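What follows is the residue order along each chain.
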Amino acid sequence: MLSRHAEDLYWTGRYIERAEDTARLLDVTYHGMLEWSDKDVPQAQRDLLEVLFLDETFDGDLSDTAAVTEFLVLDTDNPGSITAAVERARLNARGLRDRISSELWEAINTFYLDLRARDLRADIERQPYQVYRWVRNACQTVTGVAAETMPHDDGYRFLVMGRLLERAEMTCRLLDVRYHRLVDSGGAATAFNRWAALLKSVSAYEAYLKEYRAAVDPIKMLSFLLLSPNFPRSVRYCLRGTEEQLAELLEPDRLTDAQRLLGMVGAKVEYCDIDSLVNADLGGFLDELQRDISQVGVAIDRHFFHHATDLDLHFYISR
Amino acid sequence: MMRLEIRYLTTFEYPQQVRDSHNVLRACPTTDDFQALLSYTLTTDPAARVLSHIDYWGTRLDVFGIRHPHDRLSVIADSTVETYPRPAPEPDASTDPYRDDAYRTEHREYLADSPHTIAGSSLGDRARQLVGDRAQAVAAVEALIDEVRRLLAYEPGTTYVGMNLDEVVKQGSGVCQDFAHTLISMARSAGIPARYVSGYLYAADQSLGRPPEEAEIEVQTHAWAEVAIPGWGWWAVDPTNREPVGEHHVKIGHGRDYDDVAPLQGVYHGPANHRLGVSVRISREQMSEYQSQQ
């Protein structure tokens, strides 16, 4: 397949995942705020923007919840907003119509058209929960339709790989920003709610309770979100999943940069000692993890899409 | 009559492997009233399958691609061509038709601006002033050629493909392409249809344009212009030098400007910094007294 098709599929995966994760984060922040005092609001909004790496892009008032929410949902100038992500995913999918199933195209296009048809500004004012759930459902529909209507060939693997890498980064960011605040926050009741919110933002609350019962213990929670081998939003699961897709896409006897980096960051996660990390430099560890994962993205980009930064299509004309 | 053997050679050297190279070559001499192509062979290394066709302007295009990785590409086009003397244009041809709608429509594509001939109004004003109300087309064109030679000095390496014409004129120097584009731009501003010609010049020094003393010379590709003389036809003029266009000029083809007849262009996947070497070797075939009388 052409590398630009592979790249478009990969980014479609990333955009849809980004839209879904943004909705999850907004949802859980919104519900968390109901239980917090007003003075916590700016901090909660800053946390939210920091997780999404948008704290420097947003130039409005942090205590204005509506402004932050609109920035993250509606603002098409913000490439990280839900609307922008869905628009880009749709643009990619439109160029790929002969490569993807028509059901997948319809799912993405319907999502986009519905998003435009809604009065989102009024909806997030009146019933934000319903909006976030709808976005999540629409994203999961796209993911599900892709899985059930496309042959699981190379193209599909790129789609999955984009999704998994985006998710791995998102979970790391979430832990990175939230973990400090949670450890500092003290008060048992507030702390419990915030832990629960963190788990819920990645749909891990129930899975976590099944594994560890009601003990909301920071270390157990952290190891669940980092290390769970079978929870689909844990960092380890996403990294191993990406590795599997890569192995299928590449020749077995040669190791590419992307695989090497992925193996290293995977091992770093799997063999880390959570207990001592919590007491030492957890923030540094999570930062490093994020950097490593984005390096994997760069390596994938280089290997499949843009062989080397200066290796591009060149036009020449002789005199 | 002159019989010339021309070897057009281009070599690309890439610092690392490139792939998917697609190229269009315009190096094959045309056949018209003043020259005849006797043979033409194209060789590429790595070898490629070449598809050839004649484009809208009447130029032969050789299209070839090399998909697999390679770090070197050489293109050799060998041609043998016979050239004949050209008659001088009718000196009394009138400039009236330049203002005639039917004539203008017929030559429309050579009157409109093209990317390489767009210039600021001062060049056009100068051209209109020079042509003024002259009645003789040939004299009008000669006035423009003199002006181009006054504006530009021949200095290789001072310009590049795609440089704005105003900048070239402001700088006051250039190579044959710049001379040709400047003349074409001025002629068109004055309502005289003009077209760009790409070809080879059998002269050791392009700026002098005289046939060489040695039998074989190494040169670059050359460019000149053709202007429409009403009632007579296209008159080839070489603004770069003072020689009339004749047996030592070998035409490849013509177009609105450089873009329509660029000798070699293409794309490839790989690093940007390739080394490109172009050389043209021309030698004159010695003919017996009998042959040259034929």
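Visitor: Looking at this model, I keep getting lost on the overall build of chain B. Mind explaining?
Guide: Across its full length, chain B holds seven helices and 14 strands. Across the 294 residues in chain B, those meeting the buried criterion constitute 43%. The contacts of chain B with a sequence gap of at least 6 include a subset with a gap of at least 24, amounting to 78%.

Visitor: Just checking my understanding: could you explain the overall build of chain A for this structure?
Guide: Within chain A, the secondary structure is distributed over 15 helices and one strand. Within the span of chain A, comprising 319 residues, buried residues form 39% of the whole. When contacts within chain A are restricted to residue pairs at least 6 apart in sequence, long-range pairs at least 24 apart make up 67% of them.

Visitor: What am I meant to see in the pairing of strand 1 (residues 2–25) of chain B here?
Guide: When a strand is regular, its side chains alternate between the sheet's two faces. All names here are of chain B. In the sheet, strand 1 pairs with strand 5 (residues 70–83) via 13 bridges, with the strands oriented antiparallel. Residue threonine 11 lies in a different strand from strand 5, and its bridge partner there is serine 74. Pairing analysis gives ten bridges linking strand 1 to strand 14 (residues 275–284), with the strands arranged antiparallel. From the neighbouring strand, tyrosine 8 faces strand 14, where its bridge partner is valine 280.

Visitor: Whenever I open this one, unusual backbone geometry confuses me. Can you help?
Guide: Note: most peptide bonds trans; most residues except glycine with negative phi. Put simply, Asp45(B) and Pro46(B) share a cis peptide bond, and its omega is 0 degrees. Even without being glycine, Phe53(A) reaches a positive phi, approximately 60 degrees. Inspection of the secondary structure assignment puts Phe53(A) in the loop between helix 2 (41–51) and helix 3 (65–73). Residue Asp20(B) is not a glycine yet carries a positive backbone phi of 50 degrees.

Visitor: Which parts of the structure should I look at to understand the interface of chain A and chain B?
Guide: Buried accessible area, meaning the area lost when the parts come together, often serves as the stated size of an interface. If you look at the interface, chain A gives nine residues, while chain B gives 15 residues. When its residues are assigned to classes, the side of chain A that touches chain B shows five nonpolar, two polar and two charged.

Visitor: Where do I start with the confidence of the model for chain B in this structure?
Guide: Any region with low pLDDT has predicted coordinates that should not be read closely. In this model, chain B carries a mean pLDDT of 93, and residues with pLDDT of at least 70 account for 97%. Across the interfaces of the predicted complex, the ipTM metric reaches 0.70, alongside a pTM of 0.57.

Visitor: Would you take a moment to explain the packing of helix 3 (residues 137–151) of chain B against helix 5 (residues 176–189) of chain B for this structure?
Guide: In a pair of packed helices, the angle between the axes and the distance between the axes together describe the arrangement. Residue and element names in this part refer to chain B. In the contact formed by helix 3 and helix 5, the axes pass within 10 Å of each other and the chain directions differ by 135 degrees. It follows from the interaxial angle that helix 3 and helix 5 lie oblique. Crossing of helix 3 against helix 5: the hand is right-handed. Contacts between helix 3 and helix 5 pair Val141, Leu144, Ile145, Glu147, Val148 and Leu151 from the former with Phe179, Thr182, Leu183, Met186 and Ala187 from the latter. Taken together, the residues of the contact of helix 3 with helix 5 sort by class into nine nonpolar, one polar and one charged.

Visitor: Mind showing me how you'd approach the sheet that holds strand 10 (residues 222–229) of chain B here?
Guide: Picture the strands of a sheet paired through backbone hydrogen bonds; they go either parallel or antiparallel. Residue and element names in this part refer to chain B. In spatial order, the strands read 11-10-8-12; together these four strands make up an open sheet with antiparallel pairing. At either end of the open sheet lies a strand with only one pairing partner, and these are strand 11 (233–237) and strand 12 (249–255). Adjacent strand axes in the sheet meet at a mean angle of 35 degrees, parallel and antiparallel pairs treated alike. Where strand 8 (residues 194–201) lies against strand 10, six bridges are found, and the strand directions are antiparallel. Following the sheet pairing, arginine 195 is matched in strand 10 by glutamate 226. The strands that helix 5 touches are strand 8 and strand 10; relative to strand 10, the one it contacts most, it runs at about 20 degrees.

Cut-offs used in this document
- Residues numbered from 1 in each chain as written.
- Chains lettered and ligands numbered in written order.
- Predicted model: local features only at pLDDT ≥ 70, side-chain atom pairs only at ≥ 80, totals over all residues.
- Helix = DSSP H or I, 4+ residues; strand = E, 2+ residues; numbered from the N terminus.
- Buried ≥ 20, exposed ≤ 12 C-beta atoms within 10 Å, placed from the backbone.
- Contact = placed C-beta atoms within 7 Å.
- Pairing = 2+ DSSP bridges.
- Nonpolar A, V, L, I, M, F, W, Y, C, P; charged D, E, K, R; others polar.
- pLDDT = per-residue confidence, 0-100.
- Axes fitted to C-alpha atoms, helices over the stretch in contact; angles between N-to-C directions.
- Parallel < 35°, antiparallel > 145°, perpendicular 65-115°, else oblique.
- Left-handed = near helix turned anticlockwise from the far one by under 90°.

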